[in-house]
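# Examination of the molecular architecture
So the chains spell out like this:
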Amino acid sequence: MATNQFLTGVKTFQSLPLIDLSTCTKDDIRAYFINSYDLNESIFLGLKDVSVLYKCPDRLRLPLIFYYAHTAVVYVNKLMLAGLIQERLDMNFETMFETGVDEMSWDDTENYRMGGSYKWPDISEVVEYRKKVRNIILKVIEDTPLEVPITMDSQWWALMMGMEHERIHLETSSVLIRQLPVKLVQHPEGWVYGPIKSEKSVQSNDMIKVDLAVVTMGKPADFPSYGWDNEYGEVTCQVPSFEASQFLVTNREFLKFVEDGGYLKRDLWTEEGWQWVNFREAKHPTFWCCDQGCKSGCGADLATETHCNLHFGEQNGAANGHEPQAKRAKTQQYKFRAIFDILDMPWDWPVDANYHEAKAFCNWKGPGYRLPAEAEHHVIRGPQLPASKGPACDIIFEKKIDANLNFKYGSSTPVNYFPPSKTGHYDVFGNVWEWVEDHFNGLTGFHTHFLYDDFSSPCFDGKHNMILGGSWISTGDEASRFARFAFRRHFFQHCGFRLARCIPKGSNTVDLPVRHVETEVFVLGTGVQANKTYLENNMSVQRVPSTNTVYRYGGMETLDGILELEFGFRDSFAAAVVTQCANYCKELGISMEAAVHVGTATGRGAFEMSKHFEKVLGIEMCGRLIDAAIRLARGQTIGFRDGNDVKLPSGYNVDRIVFKQLTWIANEVEGHDFVLITHLDRAQNPKAWLARLWEILKVDGVLAIASKDGKWGEEALLPHLENRLKCITGQEVSYQERGATDTATVTFWKHK
């Protein structure tokens, strides 16, 4: 049996409120950190045995041991970047548990990015690591001078980031545990489910009209609470009058769709959704259980398990009936999977569904039904205090929160259990997240934070739909009015939906305040998949570019241009810079064993490095560019503008090169004698790429930073590198570009 060995503190299922960064004390921060750490660990007390940590609840994700360790590793990685700590605890752990899997498709390869046979460490080692991290952070809080307000420019922002990241994983881990076979979990003492019924059962779900409104979305940069990058910026839009369902769609309401054969009717599903239905062989919502042996979706040795093997007898202590199936009423053919138990179906609770299921239900309801827009969700929240009022305007700071939020219960509650907003809509905050029609994207003025440059922006690809409002287990920033999250449309979460419908104004076309990403995104190994709009033909949406600037380099025109620049001239920028850098390294007498080119584009720099260094790593953030480099390395010919072809010339040691697409300098990138970085002019946050250069460079190694326009010379780089590195020289390099000779600036750096 699992014991308190998962805990490095104390068990708790109660959450503290979010920190006010304008008035907080060290005692406040210390208490919030301990509460965050303890909450996350306490979730794992629901596992029956330590061995369950090494199981895969979802074939597209990693085993639970990863998620148990991951949050502690993120603290260390972020505190290192911020300079709050100077030494790592365990680089092996801080690499192994650094990055999880945000599966980019519902039919990805079996969960392990390591190939399916990775040897995870013993739980005792991971618990010991978490203990050390806890103690280090408590010491950081004690020793670091505190000035309020804490802002994005403060070192303390890294600690706030770690705590809010840990709270995100309350949701991640609880969903994964909920996907495990029920025989592998147990009900922890103190875990309390919400009430099954309210005073009045929900038998209907009326559509409530909402008048035309204007809303402004976005969190002010100086708001005194932690926020993720996608929350900042601003969008103001006019929202035409519309209707939205009074309640979230309930299990009772969704049952009618299931009984009507909704999962069998191709015409109700989007193309992507129908592919998912067939892949999962879905017959009902994931967290419903029947006795038909439905596919579970678990991975590895749980792949043959099913949640639907009930005999409608006792399951984890839930009192269920024993009638033969033929004598059961239709409403007794299903049970409900809560996180640790199988319960009698709570028909008034919201149904947990992914976007595909929600859209199919909308289509089943009839013409005109859809999901709300992000802007419409803001409208049905009713009048709110302006953000200028500070914490008083945000629900998570209220002393008494009238919503199923902030861990008030360990499950959903009836959709009419808490009072509605002023517009008459229930659960606009809490209970379960709500799917909306908008693609995930940044707001106007979006920019990333150097501590987590790729938190949101990789998902600005048109393949992620937004979820809003938070769930019963949302705490901290996730429970804030400003929270904006998103997942792939097949994703499982404590997430449901409500219905929306337009009110036409004498025109056949309705302009929705829905924002869809129009930018084509190239995915390595897949290519470009069109960003489709799953709305009726008479509904138009706003087509906007992705606010991830990296994706703007993924078009064919950009590829053609870079191929020409890199391979159309003998002394191209990349070739000339590498030649001069290699000669300088030889003059200094440094080892020529391992080199890395950060921003390798279509690979010319890495290919040139292979003439001088024994091992070369080429890193590129843009999928289409790194794809071209990989194809060239394989000897393939790439056709580009005017019918010209590019084929890699002879003379390169291709077997020395490894190309990787990375959106940051991960911990796996370490131990190089020479580091070249050339892409700062097209990075969305250059500081994020500069922050770890000192750590991937060997003690006696050399770093070179090259810039065509001289923008990234010594003066511009000093604020980012001077704490760890010193500039040893600056040089000019001549290169050819489209028949003309130009000059680039290269600065060379070594450890202090």
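What follows covers the overall build of the protein chain. Tallying secondary structure elements over the protein chain gives 16 helices and 26 strands in all. Relative to the compact-globule value of 27 Å for 752 residues, the protein chain shows a C-alpha radius of gyration of 27 Å, a close match. In terms of overall dimensions, the protein chain has a C-alpha envelope of 85 × 60 × 55 Å along the principal axes. Burial statistics for the protein chain: of 752 residues in total, 63% are counted as buried. Relative to all contacts within the protein chain whose residues are 6 or more apart in sequence, the contacts with residues 24 or more apart total 78%.

A separate point is the environment of phenylalanine 440. One can find phenylalanine 440 in the loop between strand 9 (433–439) and strand 10 (464–468). Measuring from C-alpha to C-alpha, the distance between phenylalanine 440 and alanine 31 comes to 33 Å, with 409 residues separating the pair along the chain. Every residue in contact with phenylalanine 440, bar those within four places of it in the chain, is listed here: Asn230, Ser456, Cys459, Phe460, His464, Asn465, Met466, Arg484, Phe485, Ala486 and Val517.

Helices that pack against each other are described as a pair by the angle of their axes relative to one another and the distance between those axes. Following both chains from N to C, one finds helix 6 (residues 251–259) and helix 8 (residues 355–365) inclined at 75°, their axes separated by 11 Å at the closest point. Looking at the two axes, helix 6 sits roughly perpendicular to helix 8. Within the contact between the two elements, helix 6 uses Glu253, Phe254, Lys256 and Phe257 and helix 8 uses Glu357, Ala360, Phe361, Trp364 and Lys365. Here the residues of the contact of helix 6 with helix 8 sort into five nonpolar, no polar and four charged.

Moving on to the pattern of salt bridges. Oppositely charged side chains may form a pair once their charged atoms are brought near each other. In total, this model carries 36 salt bridges according to the counting rule given. Taken together, the shared-partner salt bridges connect Asp38, Glu41, Arg130, Arg134 and Glu166 into one network.

This next bit is on the side chain of aspartate 229. With respect to the element layout, aspartate 229 can be found in the loop between strand 2 (213–217) and strand 3 (235–239). A distance of 2.5 Å separates polar atoms of two side chains, one belonging to aspartate 229 and the other to serine 456. In contact with aspartate 229, not counting residues within four places along its chain, are Phe446, His447, Thr448, Tyr452, Asp453, Phe455 and Ser456.

Relative to the 34 Å expected for 24 residues at 1.5 Å per residue, helix 5 (residues 156–179) spans 36 Å between its end C-alpha atoms, a close match to the ideal helical length. Of all 24 residues in helix 5, 24 are buried; the element is thus mostly enclosed.

Attention now moves to the pairing of strand 25 (residues 725–737). Bridge analysis of strand 25 against strand 26 (residues 740–751) gives 12 bridges, and the strand direction is antiparallel. Across the sheet, residue glutamine 736 finds its bridge partner in strand 26, namely threonine 741. Hairpin connection from strand 25 to strand 26: two residues lie between these consecutive antiparallel strands, with arginine 738 at a positive phi of about 55°.

Running from amino to carboxyl end, helix 1 (residues 26–43) crosses helix 5 at an angle of 20°, the nearest separation of the two axes being 9 Å. It follows that helix 1 is roughly parallel to helix 5 by the angle criterion. The handedness of the crossing between helix 1 and helix 5 comes out as left-handed. Residues Lys26, Ile29, Tyr32, Phe33, Asn35, Ser36, Tyr37, Leu39, Asn40 and Ile43 of helix 1 touch helix 5, and the partners they reach there are Trp156, Leu159, Met160, Met163, Glu164, Glu166, Arg167, His169, Leu170, Ser173, Ser174 and Ile177.

Glancing now at the packing of aromatic side chains. Within this structure, the stated rule accounts for 54 aromatic pairs. For the pair phenylalanine 254 and phenylalanine 497, a centre-to-centre distance of 6.4 Å together with 80° between the ring planes defines the contact as edge-to-face. With phenylalanine 254 in helix 6 and phenylalanine 497 in the loop between strand 12 (495–496) and strand 13 (500–502), this residue pair connects regions lying 243 residues apart in the sequence. For the pair phenylalanine 254 and phenylalanine 497, one class covers both residues: buried.

Before going further, it helps to examine the confidence of the model for the protein chain. Residues shown with low pLDDT carry predicted positions that ought not to be read at fine detail. Looking at the protein chain, the pLDDT average stands at 92 and 94% of residues meet or exceed 70. Taken together, the stretch residues 313–328 has pLDDT below 50 and engages in 32 contacts with residues farther than four places along the chain or on a different chain.

Once that is clear, we can look at helix 13 (residues 623–633). Each α-helix winds once per 3.6 residues, and so residues spaced three or four apart point in a common direction. Most of helix 13 sits out of view: nine of its 11 residues are buried. By the burial criterion, the buried members of helix 13 are Gly623, Arg624, Leu625, Ile626, Asp627, Ala628, Ala629, Ile630 and Leu632. Residue glycine 635 follows helix 13 closely and has a positive phi angle near 90°.

Moving on to the sheet that holds strand 7 (residues 342–344). Strand order in the open sheet formed by three strands is 5-6-7, with antiparallel pairing between adjacent strands. The sheet is open, and its two edges are formed by strand 5 (288–289) and strand 7, each paired on a single side. Taken together, the three bridges between strand 6 (residues 335–337) and strand 7 define a ladder with antiparallel strand orientation. The residue bridging phenylalanine 336 from the neighbouring strand is leucine 343, located in strand 7.

With that out of the way, let us pick up the sheet that holds strand 9. The strand order across the open sheet formed by four strands is 11-10-9-12, and the pairing between neighbours is mixed. Only two strands of the sheet have a single partner each, and these edge strands are strand 11 (485–488) and strand 12. The pairing of strand 10 with strand 11 spans four bridges and is antiparallel. Looking across to strand 11, one finds that histidine 464 is bridged to arginine 488.

Moving on to unusual backbone geometry. Omega for the bond connecting valine 148 with proline 149 falls within 30 degrees of zero, at 5°, which places this linkage in the cis form. Tracing the backbone shows proline 149 in the loop between helix 4 (123–143) and helix 5. Even without a glycine there, the phi angle at glutamate 281 is positive, about 55°. Locating glutamate 281 in the fold gives a position in the loop between helix 7 (271–280) and strand 5. Take glutamate 281: its relative accessible area is 48%, and that puts it in the partly exposed class. Within the chain, alanine 601 stands out as a residue other than glycine whose phi angle is a positive 55°. Tracing the sequence through the fold places alanine 601 in the loop between strand 18 (594–598) and helix 12 (604–609).

Before going further, it helps to examine the state of the cysteines. One pass over the structure, following the stated rule, counts zero disulfides. Between cysteine 294, a free cysteine, and cysteine 290, which holds the nearest cysteine sulfur, the sulfur-to-sulfur gap is 3.6 Å. Of the residues examined, cysteine 294 reaches a relative accessible area of 8% and is grouped as buried. Summary of cysteine pairing: cysteine 495 is not part of a disulfide, and the nearest cysteine sulfur, belonging to cysteine 362, is at 13 Å.

With that out of the way, let us pick up the side chain of serine 173. Tracing the backbone shows serine 173 in helix 5. Every residue in contact with serine 173, bar those within four places of it in the chain, is listed here: Asn40, Ile43, Phe44 and Tyr67.

Conventions used here
Residues numbered from 1 in each chain as written. Predicted model: local features only at pLDDT ≥ 70, side-chain atom pairs only at ≥ 80, totals over all residues. Heavy atoms only, no water. Helix = DSSP H or I, 4+ residues; strand = E, 2+ residues; numbered from the N terminus. Rg over C-alpha atoms; globule rule 2.2 N^0.38 Å. Buried < 20%, exposed > 50% of the residue type's maximum accessible area, 1.4 Å probe, protein only. Contact = heavy atoms within 4.5 Å. Axes fitted to C-alpha atoms, helices over the stretch in contact; angles between N-to-C directions. Parallel < 35°, antiparallel > 145°, perpendicular 65-115°, else oblique. Nonpolar A, V, L, I, M, F, W, Y, C, P; charged D, E, K, R; others polar. Salt bridge = Lys/Arg side-chain N within 4 Å of Asp/Glu carboxyl O. Polar contact = N/O pair within 3.5 Å; in protein donor to acceptor, adjacent residues only side chain to side chain. Expected span 1.5 Å × (residues − 1). Pairing = 2+ DSSP bridges. Left-handed = near helix turned anticlockwise from the far one by under 90°. Phe/Tyr/Trp six-rings, centres within 6.5 Å; stacked < 30°, edge-to-face > 60°. pLDDT = per-residue confidence, 0-100. Disulfide = S-S within 2.5 Å.

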